[in-house]
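Each chain, letter by letter, is given below.
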Amino acid sequence: MKELDIAPLSQWGFFRLPPRPCVIAGPCSAETREQVLQTAAGLKAFGINVFRAGIWKPRTHPGSFEGIGVPGLKWLQEVRRDYGMKVCTEVASARHVFECIKYGVDMVWIGARTTANPFLVQEIAEALRDTDIPVLVKNPVNPDLDLWIGAMERFNREGITKLGAIHRGVSTSEKIKYRNDPLWSMAVDLRARYPQIPIFADPSHMGGRREYLQELSQRAMDLGLEGLMVESHCDPSCALSDAAQQLVPSDLKSLLESLVVRDATSPDEEFRESLSRLREQIDVIDENLVRELSARMKVSERIGTIKREHNVAIIQAGRWEKVLEKVDALAVQYGLDSKFVKSVFEAIHEASVQEQNKL
Ligand code: PEP
Ligand code: MN
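Read on for an overview of the structure. (Residues numbered from 1 in each chain as written. Chains lettered and ligands numbered in written order. Predicted model: local features only at pLDDT ≥ 70, side-chain atom pairs only at ≥ 80, totals over all residues. Heavy atoms only, no water.)

**Details of the overall build of the protein chain**
And step 1. When you go through the protein chain residue by residue, the secondary structure sums to 13 helices and eight strands.
And step 2. Summarising its shape, the C-alpha atoms of the protein chain cover approximately 80 × 50 × 40 Å along the three principal directions.
And step 3. Taking all 359 residues of the protein chain together, 44% fall into the buried category.
And step 4. For the protein chain, contacts bridging at least 24 residues in sequence account for 72% of all contacts bridging at least 6.
And step 5. When the accessible area of the protein chain is evaluated, it comes to approximately 19100 Å², of which 53% is carbon and sulfur surface.
And step 6. If the 46 positive side-chain charges of the protein chain are averaged to one point and the 50 negative ones to another, these points end up 2 Å apart. (Helix = DSSP H or I, 4+ residues; strand = E, 2+ residues; numbered from the N terminus. Buried < 20%, exposed > 50% of the residue type's maximum accessible area, 1.4 Å probe, protein only. Contact = heavy atoms within 4.5 Å. Areas by Shrake-Rupley, 256 points an atom, 1.4 Å probe, with all protein chains shown as cover. Lys, Arg positive; Asp, Glu negative; His and termini not counted. Charge placed at Lys NZ, Arg CZ, Asp CG, Glu CD.)

So, in structure tokens, the structure goes:
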């Protein structure tokens, strides 16, 4: 695993941390000068200091609004000058980077479709070399943690240390209520591998609809993520892209006020001691669980051996259903969620069958 050299978020000069969340807000797309300035004014009014707006838009279908392009960068300059906000936009090529440098854009992000393309990421990283522009990398559209990390490595190798991640969920063919599958485990795994990388959640592209933004933002806070990037538009009903998921600034204010944000830790000595005692108990239980799993696997191996000796197929109809019925009854008895216990045993069963197949 490569080490990454990451500057702490509090040293970027963009956010105060604490308190969480650090918020980036603004429209999906810059559309008109009035829309950009009006939205920025609405956000600035309740203390948002980092403004986002898409200048070049990666759209699914050609012919839809593909971004206003360079003229929009002048509006972002006005937002900086008139409201003292930092401004950021999405870049998908070296040309975009050069335009951003020319117009004094403070920060850039890499869109989910771009992160999935190492050629483009490399080109963008090289174009940003020797600048002090922070880069936020969205997870790729597919659930590939290494591709996400690899993109961040490319920026780090070009000397960019003000580097963060944006978790925006992944595409799915399954019918779910959200636009993208939140797949929080991907952000949790990134945190486990590189605890120093600040992570923003993007509830807008995850949810796809305004009504889901609160629950998704709350979840991001519960997981201890540092920030939120939220799409906000002064009049979402007229938005040229992502109309259903944008919030008017005052609704974003209410959303942020509704969040319950717990500290990552507490200075209270007694709390720390109880926590560490409970964690010791968990460690012992985990050790026992693994020991029991190993014992079960050994029995399973012996079953495999005798089945082979007697020319009997590995999978026997009815047996697995009986096991599941039994553990389901136990789950009820012990007050555990049946679905959870079933999924654990399915994983155990799959590993046992594989083990027997190996023999
Ligand atoms: C965006 O932030 O406007 C955007 C296009 O998001 P994503 O790359 O996550 O789809
Ligand atoms: Mn959008």
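What follows picks up the thread again.
**Some points on the side chain of asparagine 180**
And step 1. Mapped onto the secondary structure, asparagine 180 falls in the loop between β6 (163-167) and α7 (184-193).
And step 2. Judged by its relative accessible area of 5%, asparagine 180 is buried.
And step 3. Separated by 2.8 Å, the side chain of asparagine 180 and the backbone oxygen of histidine 205 make a polar contact.
And step 4. Beyond its immediate sequence surroundings of up to four residues, asparagine 180 is in contact with Arg168, Gly169, Val170, Ser171, His205 and Met206. (Polar contact = N/O pair within 3.5 Å; in protein donor to acceptor, adjacent residues only side chain to side chain.)

**Description of the coordination of the manganese ion (ligand 2)**
And step 1. Looking at the metal site, the manganese ion (ligand 2) is ligated by Cys28 (SG), His205 (NE2), Glu231 (OE) and Asp242 (OD), spaced 2.1 to 2.4 Å from it.
And step 2. The sequence motif formed by the donor residues of the manganese ion (ligand 2) is C-x176-H-x25-E-x10-D. With histidine 205 in helix α8 (residues 203-207) and aspartate 242 in the loop between β8 (227-231) and α10 (249-258), this residue pair connects regions lying 37 residues apart in the sequence. Accessibility assignment for this pair places histidine 205 and aspartate 242 in one class, buried. (Donors = N, O, S within 2.8 Å, 3.2 Å for Na, K, Ca; no water.)

**Remarks on the packing of helix α3 (residues 94-102) against helix α5 (residues 118-128)**
And step 1. The interhelical angle for the contact between α3 and α5, taken along N-to-C directions, is 25 degrees, at an axis separation of 8 Å. One finds that α3 runs roughly parallel with respect to α5. In terms of crossing hand, the pair formed by α3 and α5 is right-handed. Contacts between α3 and α5 involve Ala94, Val97, Phe98 and Ile101 from the first element and Glu123, Ile124, Ala127 and Leu128 from the second. (Axes fitted to C-alpha atoms, helices over the stretch in contact; angles between N-to-C directions. Parallel < 35°, antiparallel > 145°, perpendicular 65-115°, else oblique. Left-handed = near helix turned anticlockwise from the far one by under 90°.)

**Quick look at the site of ligand 1**
And step 1. Cys28, Arg52, Lys57, Glu90, Trp109, Gly111, Ala112, Arg113, Lys138, Arg168, His205 and Glu231 make up every residue found near ligand 1.
And step 2. In this structure, an oxygen atom belonging to ligand 1 sits 2.8 Å away from a main-chain N or O atom of alanine 112.
And step 3. When ligand 1 sits alone it has 290 Å² of accessible area, and the protein chains cover 97% of it.
And step 4. For the shell around ligand 1, the per-class residue count stands at three nonpolar, two polar and seven charged. (Near = heavy atom within 4 Å. Nonpolar A, V, L, I, M, F, W, Y, C, P; charged D, E, K, R; others polar.)

**Details of helix α6 (residues 145-157)**
And step 1. Compared with the 18 Å implied by 1.5 Å per residue over 13 residues, the 18 Å span of α6 between its first and last C-alpha is a close match.
And step 2. Of all the positions in α6, only Leu145, Trp148, Ile149, Gly150, Ala151, Met152, Glu153, Phe155 and Asn156 are classed as buried.
And step 3. Summarising the contacts, the buried residues of α6 are in contact with β4 (107-110), α4 (112-115), α5, β5 (135-138), β6 and α7.
And step 4. The residue sitting at the N-terminus of α6 and contributing the capping side-chain oxygen is aspartate 144; that oxygen lies 3.1 Å from the backbone nitrogen of aspartate 146.
And step 5. The positive-phi residue at the C-terminal boundary of α6 is glycine 159, with phi of around 90 degrees. (Expected span 1.5 Å × (residues − 1).)

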